[in-house]
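Residue-level listing of the chains:
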Protein chains: 2
Amino acid sequence: MIYVDLKGRLSGLTMTSSSFEAQVADFRQYVKRISDYKSAINLLGWDARTKLPKKGVDARSQVIGTLSTEHFKMRTSDDMQRHLDRLSAHVDQLTPVVLRTYEECQKDFDKSKKIKADRFEAFTVLTNTAQSVWQTAREHNDFASFAPYLSQIVEFQQEFIDCWGYEGHPYNTLLDAFEPGMTVQVLDPLFSTLRAQTVALLQKVMQAKPIDDSFLFRHFDAEKQRAFCTRLVQQIGYDFDAGRLDESAHPFATGIARGDVRITTRFLTNFLSTSLFGCIHESGHAMYEQALSKDLIDTPLHEGASMGIHESQSRFFENIVGRSYAFWDHFYGDLKTVFKDELADISLDQFYRAINVAKPSLVRTEADELTYNLHIMIRYEIEKGLIDGSLQVKDLPEIWREKMMEYLGIAPDNDADGVLQDIHWSSGDFGYFPSYSLGNIYAAQFANALEKDIPTFSALIANGDFAPIRKWLHHNIHQHGKLLMPGEILLKATGEPSNAQFLVTYLTKKYASLYEF
Amino acid sequence: MIYVDLKGRLSGLTMTSSSFEAQVADFRQYVKRISDYKSAINLLGWDARTKLPKKGVDARSQVIGTLSTEHFKMRTSDDMQRHLDRLSAHVDQLTPVVLRTYEECQKDFDKSKKIKADRFEAFTVLTNTAQSVWQTAREHNDFASFAPYLSQIVEFQQEFIDCWGYEGHPYNTLLDAFEPGMTVQVLDPLFSTLRAQTVALLQKVMQAKPIDDSFLFRHFDAEKQRAFCTRLVQQIGYDFDAGRLDESAHPFATGIARGDVRITTRFLTNFLSTSLFGCIHESGHAMYEQALSKDLIDTPLHEGASMGIHESQSRFFENIVGRSYAFWDHFYGDLKTVFKDELADISLDQFYRAINVAKPSLVRTEADELTYNLHIMIRYEIEKGLIDGSLQVKDLPEIWREKMMEYLGIAPDNDADGVLQDIHWSSGDFGYFPSYSLGNIYAAQFANALEKDIPTFSALIANGDFAPIRKWLHHNIHQHGKLLMPGEILLKATGEPSNAQFLVTYLTKKYASLYEF
């Protein structure tokens, strides 16, 4: 205790240094402190979702609030402004890491400063309330009670976009927060290609003979699932010396600090896929962060390039690798040993087909690899329309049903399973949804490039030899963190900008073979 | 993510309020922020000892260092000084909670300010090095290599005591940091009584027929231990809705925040007592913090009154309750059901006697209830002598062996099991050791008062009815936190100041019966 107190006395940042080197060192020190706060906040969040006793919830919110306040203050302080001003005179002398760090901090600083404190406050109060209103509205299947809050949230988004400014479509500013550089102009044709082809594919799937996946819903012991999943993610390359696997209601991966990237899952005893593909998905996220370049430590670049690139890594492992025949060619023997009674009558071929069943469903989070993107597009089109004023909140339930019918051929008979199903809008997270589909698009594009460089891709998977695959990802994607923009990573790794055709080709080939059309 | 950023914008402390009420509110707000930092630091520490993957250790030290620095700065800032100065003019108007909070903050502030930054820095560097030197010295049984570091640490302690000032004996200042108000003048006669009587008791025990405890070292399945310990601590009153039980190399209890007080243990498959009495001990600490008054939340008073009072609660449950015949009269049936093969041939009487075996041993942390205090007294006498200059570091190995022979009748043939066994001195923690024995002394004194108020004490334990006991502890001790001084708590609860005779009487009665003398 004393030890810590004494140490506390020592640091104390000064702004007196005058040489350029000292200015850069001061800046890096300041940014390091900010990243330490983020690490603490991430741990507090991880613990809240996995370990926190229920009577500790209120105090935890308070502590996270206090540290988040401090974190925000540091990013927008006069000290930060001085650091940025001093560096701005020497940008040509900065190393790439310091330059990108400077740019990230400047962008964050400018964006935060453009919104007046009282408007932020009003928005925070609104979304706090809106989240509980949404929860009750969903429980009671009552969109009308949530609608006025959603309208206000949309108005705030529009107001903030006006403050921040935008080029092209106003929604671009929201997209940029999650996928730097992404625009409606790029996204529209990407999604348009993907939607048309997916809808066509889905129609063929629906006309084909259904695949039996009922055995995935047998009883599977949770402890056995845990042991198998642990072995599995370790074999594909998740490093347990730099992470851990815990349980939580909603699975997630979180980078707490260098050498500490944790994943969670759920073990459902009546459905095997949840833990299997959840673990592979989250370890895809986590292996990304475990492989970030050491040069980026203690900077805001020590994280994924964007939400879309991050999601591409989880989807690559979950779907392209983890739902491939080669993958289960390698792992199914072990799985069958673990569940020898439960899977006694199930062949590898039956298992492979069952984990790839595609069919229209109402809820996004339960959708399969083929239909998932259609759920995203509905949300994207609605968000875009709300922001540019071409859609009205009151019309959403009807619009939702129309689009569901058009894309998926089914529609919910209540709003709880329709427009009210996601938390995102009530908490003001507009612009996030497209990341999920961008992840799928990028994943297929990366896989295509990877297979050109490593033609033995499938054979490696079938042999359980994931090291060359991880090496390719590390070299082309993982190491860069936020040092490169998403578009740069894509271009360098695949030789072209985002292109939905790779995903379309992959899905077409896969489902034509699975459903024999 | 956005949500947190927006919230961050809101707070921002101001010092502009002028009314007295507003000044108090500002102060409380400031102190609340400090306690939020402490909560975050406590969680980071808990996680480091229970969950942290090994590659995350370096980053974690850095994050804890950053938050501790900030925590220290807030406690010693100009803002804190202004808060204290403003309140100092109105102390007579402050509520008891605010007054004691003010006093605690002022004391902490003054103490920190009296040491120059460069001396703190030098001391921190020294103890950092000394801890690794000590570790190597203990491994190689080489006191000479550690001696010069210990000498310097002692000199620093003397220098700090000069800065802080002292009344009576210079060691009093060190004692006060762990046990406010405690002095050598009080401690010497307490320990002198206890030592003489314990040595006499131990001699009788050694002449009596030994008790067989060999069955405690049979093989006990760890998962079965966990299930039993969980049930046990829940029954005595540890609230799992406000805590959790995990594993760690060195068991501990930690209060992370209101509603979140966690305990850890070790499950040794070849020794049953470690987890059983470890869990009872730590839950004794934890039940104290779970029962602190809500009025103390978000103040520095929301913790134990002192290390000694804290230890009295763990020792009360571990020894006076947990090693009593009545306790196992209640729990042994369950334990025997869990370990029906392992304990098939062991009667309740045999079990009770085995868990209370006393015999001289070399290592403090493995000592039994009777001999433990003798280990503490050796350390106390050495610390006091080093601080007042009557003992020299170079003579410690010899002094250690002499005192061990005198008090326990055995002596180590190497310094690793002697003077080098504890980490405390290498990290500069002088004045801490006496708390352990004060805990034992207080525990017996509390138990005596409790039994006067609740004569059915033993019968309640035998019935597994711990609520009336916890209620007494809550009323007399737990609720007060740091609002009362240790001496005040003792006086109010027992009607007199600290008195070792209660512990002596308890031990004499217990061991005379156990060893039949």
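Located above this text is the structure these notes cover.
Residues numbered from 1 in each chain as written. Chains lettered and ligands numbered in written order. Predicted model: local features only at pLDDT ≥ 70, side-chain atom pairs only at ≥ 80, totals over all residues.

This brings us to the overall build of chain A. Broken down by element type, chain A carries 21 helices and three strands. For chain A, the spread of C-alpha atoms along the three principal axes comes to 75 × 50 × 50 Å. A buried classification covers 45% of the 517 residues belonging to chain A. Considering only contacts in chain A between residues 6 or more positions apart, those separated by 24 or more positions represent 72%. (Helix = DSSP H or I, 4+ residues; strand = E, 2+ residues; numbered from the N terminus. Buried ≥ 20, exposed ≤ 12 C-beta atoms within 10 Å, placed from the backbone. Contact = placed C-beta atoms within 7 Å.)

Moving on, we come to the interface of chain A and chain B. By a frequent convention, interface size equals the accessible area lost on bringing the separate parts together. The partner chain B presents 55 residues to the 55 residues of chain A that form the contact. Elements with a contribution of two residues or more to the side of chain A that touches chain B: α1 (2-8), α2 (20-50), α3 (57-75), α6 (117-139) and β2 (253-257) of chain A. Considering every element that reaches the side of chain A that touches chain B, the biggest residue donor is α3 of chain A, with 13 residues. Residues that form the side of chain A that touches chain B fall into these classes: 21 nonpolar, 16 polar and 18 charged. (Nonpolar A, V, L, I, M, F, W, Y, C, P; charged D, E, K, R; others polar.)

Attention now goes to the environment of Ile477 of chain B. Residue and element names in this part refer to chain B. Note on placement: Ile477 falls in the loop between α19 (467-476) and α20 (486-494). Residue Ile477 is classed as buried on the basis of its 26 C-beta neighbours within 10 Å. Taking the C-alpha atoms as reference points, Ile477 and Phe446, separated by 31 residues in sequence, lie 9.3 Å from one another. Discounting chain neighbours no more than four positions away, the residues touching Ile477 are Ile309, Gln313, Ile489 and Ala493.

What follows deals with the sheet that holds strand β3 (residues 260-265) of chain B. All names here are of chain B. A sheet is described by the order of its strands in space; here three strands give the open sequence β1-β3-β2, paired in mixed fashion. Pairing within the sheet leaves two strands with one partner each, and these edge strands are β1 (245-247) and β2 (253-257). Strand-to-strand twist across the sheet, computed as the mean angle between neighbouring axes with direction ignored, equals 30°. Pairing analysis gives three bridges linking β1 to β3, with the strands arranged parallel. Paired with Leu245 across the two strands is Ile263, which belongs to β3. (Pairing = 2+ DSSP bridges. Axes fitted to C-alpha atoms, helices over the stretch in contact; angles between N-to-C directions.)

Let us now look at the relation of the copies chain A and chain B. With an axial shift of 0.0 Å and an RMSD of 0.0 Å, the rotation relating chain A to chain B amounts to 180°. Such values leave the two copies arranged in the relation of a two-fold axis. Measuring from the rotation axis to each C-alpha of chain A, the shortest distance belongs to Ala40 of chain A, at 3.6 Å. The residues that chain A uses at the interface reappear at the interface of chain B in 100% of cases, marking a shared surface. (Least-squares fit on C-alpha atoms with pLDDT ≥ 70 in both.)

On to unusual backbone geometry. A positive phi angle, near 65°, is found at Asp298 of chain A, a position not held by glycine. Here Asp298 of chain A shows up in the loop between α11 (273-290) and α12 (307-321). On the neighbour-count criterion, Asp298 of chain A (20 C-beta atoms within 10 Å) is buried. Backbone geometry at Asn141 of chain B places phi at a positive 55°, although glycine is not the residue there. Among the residues examined, Asn141 of chain B registers 14 C-beta atoms within 10 Å and is labelled partly exposed.

Looking now at the nonpolar core. If you look at the biggest cluster of nonpolar residues, it comprises 254 residues, and the most contacted ones within it are Ala40, Leu44 and Ile441 of chain A together with Ala40, Leu44 and Ile441 of chain B. Once you skip the residues sitting within four places of it in the chain, Ile441 of chain B turns out to touch Leu190, Leu194, Ser498, Ala500 and Leu503 of chain B. (Core = buried A, V, L, I, M, F, W, Y, C linked by C-beta atoms within 7 Å.)

As a general feature of sheets, a regular strand has side chains that alternate between the two faces. Residues and elements named next belong to chain A. Most of strand β3 (residues 260-265) sits out of view: six of its six residues are buried. Going residue by residue along β3, you find Asp260, Arg262 and Thr264 tucked away on one face and Val261, Ile263 and Thr265 tucked away on the opposite face as well. Hairpin geometry of β2 and β3 is characterised by an intervening segment of two residues between the two adjacent antiparallel strands and by a positive phi of about 75° at Gly259.

Our focus in this paragraph is the packing of helix α9 (residues 184-207) of chain A against helix α15 (residues 372-388) of chain A. All names here are of chain A. Packing of α9 against α15 brings their axes to within 11 Å, and their N-to-C directions diverge by 140°. Between α9 and α15, the angle is such that the two are oblique. Read as a crossing pair, α9 and α15 show a hand that is left-handed. Here Val184, Phe191, Leu194, Arg195 and Thr198 of α9 lie close against α15, whose contacting residues are Asn373, Leu374, Met377, Tyr380 and Lys384. Residues that form the contact of α9 with α15 fall into these classes: six nonpolar, two polar and two charged. (Parallel < 35°, antiparallel > 145°, perpendicular 65-115°, else oblique. Left-handed = near helix turned anticlockwise from the far one by under 90°.)

Here the focus is α12 of chain A. Helix length check: α12 of chain A, at 15 residues, gives a terminal C-alpha distance of 20 Å against a target of 21 Å (1.5 Å per residue), a fit within 8%. Counted residue by residue, α12 of chain A has 15 buried out of 15 residues, so it is predominantly covered. (Expected span 1.5 Å × (residues − 1).)

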